[in-house]
Amino acid sequence: MDALDRALLRELQDDARQTNRELAARTGVSPSTSLERVRLLRERGVITGYHAAVDLEAVGRPVQALISVRIRPPARPVIEGFREWAAQLPEVIGLFVTSGAHDFLIHVAVPDVNGVYAFVIDRLTERREVADVQTTMAYEHVQPRRIEPAAERPAAPRRKR
């Protein structure tokens, strides 16, 4: 990942709808170079897709909560089954499989506080494998608009033999 790749990623994260010609002009390269480099970033899996960001309040889901869930028994098929089920729920906007006291952290967005309660009581606690649930209401959710690639670490010096 070089400086051009970083610049292309920054620009695309700011506006993925811009034309290739605009992207090339903003990064100071030819349109053919821009097109090829973006293609390579997709092939390498750096760019995984493009999406439209939505305002949760505008779509009627202004209340957010983080819900910690402990699963029992802590076996791979149980964890994977719960993960697949929870990821498909319409209230879920983020799902983390975690270590520590809980196995999952589920980020939900719902219309109101009653929606959080219904999610926990009507969805989560109906599952046999759910041993414990802890809910934290989110007052505000701040997300960075762009994610910068990590700086490359210098290679470890080679030992002479």
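Anything mentioned here points back to the structure above.
None of the values given here were measured: they were computed from a predicted structure.

Its volume calculated, the largest pocket comes out at about 1400 Å³. Around the largest pocket, the lining is made up of 35 residues, and of these His51, Ala53, Gln143, Pro144 and Arg145 lie nearest the centre. For the lining of the largest pocket, the elements supplying multiple residues, two or more each, are helix H1 (3-14), strand E1 (63-71), strand E2 (92-97) and strand E3 (104-110). Of the residues forming the lining of the largest pocket, the biggest block, four residues, is contributed by H1. Residues belonging to the lining of the largest pocket are distributed by class as follows: 19 nonpolar, nine polar and seven charged.

Time to look at the pattern of salt bridges. If you walk through the whole model with that rule in mind, you get 13 salt bridges. Residues Arg37 and Asp2 are paired through a salt bridge, measuring 2.5 Å at the closest nitrogen-oxygen approach. Remark: Asp2 occurs in the segment before H1 and Arg37 occurs in helix H3 (residues 31-43); sequence separation between them is 35 residues. Judged by relative accessible area, Asp2 falls into the partly exposed class, the value being 34%. Between Arg37 and Asp5 there is a salt bridge; the shortest N-O distance is 3.1 Å. Remark: Asp5 occurs in helix H1 and Arg37 occurs in helix H3; sequence separation between them is 32 residues.

Right, let's get into the side chain of Glu91. Topologically, Glu91 is positioned in the loop between helix H4 (76-87) and E2. Ignoring any residue separated from it by four or fewer positions in sequence, one finds Glu91 in contact with Arg61, His107, Val108, Ala109, Val110, Phe119 and Arg123.

This part is about the side chain of Asp5. Residue classification places Asp5 among the buried residues on the basis of a relative accessible area of 4%. Within the structure, Asp5 has its side chain in polar contact with the side chain of Arg37 (distance 3.1 Å). Non-local contacts of Asp5, meaning those with residues more than four positions away in its chain, are made with Arg37, Leu41 and Arg44.

What counts, and at which threshold
- Residues numbered from 1 in each chain as written.
- Predicted model: local features only at pLDDT ≥ 70, side-chain atom pairs only at ≥ 80, totals over all residues.
- Heavy atoms only, no water.
- 1 Å grid on protein atoms, 1.4 Å probe; cavity = no way out; pocket = protein on both sides within 12 Å on 5 of 7 lines; lining within 4 Å.
- Points joined across faces, edges and corners; volume = space filled by probe spheres on them.
- Helix = DSSP H or I, 4+ residues; strand = E, 2+ residues; numbered from the N terminus.
- Nonpolar A, V, L, I, M, F, W, Y, C, P; charged D, E, K, R; others polar.
- Salt bridge = Lys/Arg side-chain N within 4 Å of Asp/Glu carboxyl O.
- Buried < 20%, exposed > 50% of the residue type's maximum accessible area, 1.4 Å probe, protein only.
- Contact = heavy atoms within 4.5 Å.
- Polar contact = N/O pair within 3.5 Å; in protein donor to acceptor, adjacent residues only side chain to side chain.

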